[in-house]
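# Commentary on secondary and tertiary structure
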Amino acid sequence: MDNAWLVPLSMLLGGVFGAGVVVVILAAERTARAADVADRALPDGIAAVIATMHNPAVVVDPSNTVVATSPQALAVGLVVRRRLAHKELMRLVDRVRSSGEMGSEDLELPRGRRGEMVGYLSFRAATLGNRYVLLTADDLTESRRIDEVRRDFVANISHELKTPIGAIGLLAETLVAAADDPVHVKRFAGQLITESERLGALTKDIIELSRLQSVDAIEASEEVGIDGVVEAAVDTNAVVAASRGIAIAREKKSKLRVIGDPGLLQIAVSNLIANAIKYSPDNTRVGVGVRSTKGFVEIAVTDQGVGIPEADLDRVFERFYRVDPARSRATGGTGLGLAIVKHVVGNHGGSVKVWSQTGKGSTFTIRLPEADTALTTALEDHLEEH
């Protein structure tokens, strides 16, 4: 028998067996990769828990790829394209992974596309199983802002109180020295009264603003007629306005009603009218109008005064902020009147806005939810029956 055919047969069998070996190797590699992927997968439920967390939370794998994240972590910019966006966080994660111990760090991180804003966050990191690191954070940005506002408020109060207190002390010393001069005594006594009144007004406004910032600022709410609130506010300022020839013009009565504290609402409207008088030239006009619009009551106070520069419009409701500090102090302003208006209106579920044009005057508008008379009457009848 010719053995020539044996050579091709052996080559064929070798090819078959070689192909089989290759298939087995490839299958083994796929199995290993599948096992590795299964090993890399997060335990059941972890991703769902992270996704429902209100605080920023992130889980990273050994390559620092983000495999789970909470919406808040994305919102504050901690994750970009499944990677931690800040090298400080990667260093914290690496440190925890290598030591196996929990780590924490407070960081000040840029926010926004260009990093214009800054966020203050307190981070904690811990290992999660053998492969992962869990990174969580408390966003301290708002609490930091409140602390800064509180510190500024205390500093401003100290500064504002220092002026009248110092003036009162100096005038008292001058009065003692001028005891034998009736003319000087009368003049200095008048100045002493002015400074004491300024100190009293400032103290009153500080107490009022502190009360308004408390949780229970509105102790008792009732259905309030806006006509009565406006009338009382106008009467409060009538003497000062008349002394400068300023007419306070009111529109016809509206019969509109809101739910709230009538005393606080009167303070808010009165402060706006007083502010309009203060910054108006003599012998001009201040208008007070009331209207109903889309379920809200609007109270607008308009003056023909100096107006407010556009750059200052967003700041006029800040505590102690004055567009013209010298003029405000000369007219007896405490710098808290508009801040009080903002808090009163906010506590009643409303808002306040300002329109102004330099040299032409300003309009401040309070907007409050209108009371549904039919609903409140039905509620009162129900309470009386029971």
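Position numbers for residues count from 1 along each chain, tracking the sequence in the order it is written. Confidence filtering applies because this is a predicted model: local features only for residues at pLDDT of at least 70, side-chain atom pairs given and counted only at 80 or more, and all residues used for totals across whole chains, interfaces and linings. To obtain the side-chain values, all non-hydrogen atoms of the structure were used and water was disregarded.

### Overview of the overall build of the protein
Only runs of H or I of at least four residues qualify as helices and only runs of E of at least two qualify as strands under DSSP, and these elements are numbered from the N terminus. Along the backbone of the protein there are eleven helices and 14 strands. Across the protein, contacts joining residues at least 24 apart in sequence account for 59% of those joining residues at least 6 apart. Accessibility throughout is a Shrake-Rupley quantity obtained with a 1.4 Å probe, and a residue counts as covered only by protein chains that appear here. Entry remark: accessible area of the protein is about 22900 Å², with carbon and sulfur atoms responsible for 57%. Any two residues whose heavy atoms approach within 4.5 Å are treated as being in contact.

### Quick look at the sheet that holds strand β11 (residues 285–293)
Adjacent strands of a sheet pair through backbone hydrogen bonds, lying either parallel or antiparallel. Only strands that DSSP links by at least two bridges are regarded as paired with each other. Pairing within the open sheet is mixed, and its five strands lie in the order β9-β11-β12-β14-β13. Of all the strands in the sheet, the pair left with one neighbour each is β9 (247–250) and β13 (351–357). Pairwise comparison of adjacent strand axes, ignoring direction, gives a mean angle of 15° for this sheet. Pairing analysis gives seven bridges linking β13 to strand β14 (residues 361–369), with the strands arranged antiparallel. Of the residues in β14, the one forming a bridge with Val354 is Phe364. Across the sheet, helix α7 (residues 226–243) is in contact with β9, β11 and β12 (296–302); its angle to β9 comes to roughly 170°. Contacts from helix α10 (residues 337–347) reach β13 and β14 within the one sheet, and its direction differs from that of β14 by about 25°. Lines fitted to the C-alpha atoms define the axes, with helices restricted to the stretch that makes contact. Angles between their N-to-C directions range from 0 to 180 degrees.

### A word on the packing of helix α8 (residues 262–278) against α10
Where α8 meets α10, the axes come as close as 9 Å, and the angle between the chain directions of the two elements is 145°. Every pair of crossing elements has a handedness; the one defined by α8 and α10 is left-handed. Along its contact with α8, which presents Leu264, Leu265, Ile267, Ala268, Asn271, Leu272 and Asn275, the element α10 presents Gly337, Leu338, Ile340, Val341 and Val344. Residues were grouped as follows: Ala, Val, Leu, Ile, Met, Phe, Trp, Tyr, Cys and Pro as nonpolar; Asp, Glu, Lys and Arg as charged; and all remaining residues, including Gly, as polar. Residue composition of the contact of α8 with α10, by class: nine nonpolar, three polar and no charged. Crossing handedness is defined as follows: a turn of the near helix away from the far one that is anticlockwise and smaller than a right angle gives a left-handed crossing, while the clockwise case is right-handed.

### Side note on the pairing of β11
Where β9 meets β11, four bridges bridge the pair, whose relative direction is parallel. In the sheet register, Ala249 faces β11, and the bridge partner there is Gly287. In this sheet, β12 lies alongside β11 in antiparallel orientation, the contact comprising seven bridges. In the strand pairing of β12, Val290 is matched with Ile299. Hairpin connection of β11 to β12: two residues between the antiparallel strands, including Lys294 at a positive phi of 50°.

### A closer look at the environment of Ser362
Note that Ser362 resides in strand β14. For every residue, the accessible area obtained with a 1.4 Å probe (protein chains only) is divided by the maximum for its type, and the residue is called buried under 20%, exposed over 50%, and partly exposed between those limits. Assessed through its relative accessible area of 3%, Ser362 is described here as buried. As a C-alpha pair, Ser362 and Tyr279 span 83 residues in sequence and 9.6 Å in three-dimensional space. Leave out the neighbours within four places in its chain, and Ser362 touches Val301, Thr302, Asp303, Gly307, Ile308, Trp355 and Ser356. Two N or O atoms form a polar contact when they lie within 3.5 Å of each other; inside protein one atom must be a possible hydrogen donor and the other a possible acceptor, and for residues adjacent in sequence the pair counts only when both atoms belong to side chains. Among the polar contacts made by the side chain of Ser362, one reaches the side chain of Ser356 at a distance of 2.7 Å.

### So, the environment of Leu92
Note on placement: Leu92 falls in helix α4 (residues 87–99). For the pair Leu92 and Glu105, spaced 13 residues apart in sequence, the C-alpha separation works out to 7.8 Å.

### Examining the environment of Gly129
Position of Gly129 relative to the elements: it lies in the loop between β6 (117–128) and β7 (132–139). Accessibility expressed as a relative area gives 59% for Gly129, which makes it exposed. As for Gly129 and Leu42, which are separated by 87 residues in sequence, their C-alpha atoms are 9.2 Å apart.

### Things to note about the nonpolar core
Core analysis: the biggest nonpolar cluster contains 39 residues, and Ile273, Ile299, Phe364 and Ile366 have the highest contact counts within it. Sorting elements by how many residues they give to this core places α8 first, with eight residues. Sequence-distant contacts of Ile299, that is, excluding residues within four places in its chain, are made with Ile226, Val230, Val269, Val288, Gly289, Val290, Phe364, Thr365 and Ile366. For the purposes of this section, nonpolar cores are sets of buried Ala, Val, Leu, Ile, Met, Phe, Trp, Tyr and Cys residues that join through side-chain atoms within 4.5 Å. Judged by nonpolar contacts, the second largest core, of 20 residues, contains Val58, Leu109, Ala125 and Leu135.

### Topic: the packing of aromatic side chains
Stacked, tilted and edge-to-face pairs are distinguished by plane angle, under 30 degrees for stacked and over 60 for edge-to-face with tilted covering the rest, among Phe, Tyr and Trp rings (Trp via its six-membered ring) whose centres lie within 6.5 Å. Taken as a whole and assessed by the stated rule, the structure comprises zero aromatic pairs. Here, over-ring charges are defined by two tests on the NZ atom of lysine or the CZ atom of arginine: distance to the ring centre within 6 Å, and angle to the ring normal within 35 degrees. Between Arg367 and the ring centre of Phe296, over which it is positioned, the NZ or CZ distance is 4.0 Å.

### Side note on the confidence of the model for the protein
Per residue, pLDDT measures the predictor's confidence, with a range of 0 to 100. Of all residues in the protein, 69% have pLDDT values of 70 or greater, and the mean over the chain is 76. When pLDDT is averaged over each helix and strand of the protein, the minimum, 45, is found for helix α1 (residues 6–40) and the maximum, 94, for strand β1 (residues 57–60). For the stretch residues 31–39, pLDDT sits under 50, and the model shows two contacts to residues farther than four places along the chain or on other chains. Across residues 375–380, confidence stays below pLDDT 50; counting only partners more than four residues off in sequence or on other chains, it has two contacts.

### What to know about the packing of α7 against α8
Running from amino to carboxyl end, α7 crosses α8 at an angle of 35°, the nearest separation of the two axes being 8 Å. α7 and α8 meet at a crossing whose hand is right-handed. Residues Val229, Ala232, Ala233, Val234, Thr236, Asn237, Val240 and Ala241 of α7 pack against Pro262, Leu265, Gln266, Val269, Ser270, Ile273, Ala274 and Ile277 of α8. Looking at side-chain class alone, the contact of α7 with α8 contains twelve nonpolar, four polar and no charged residues.

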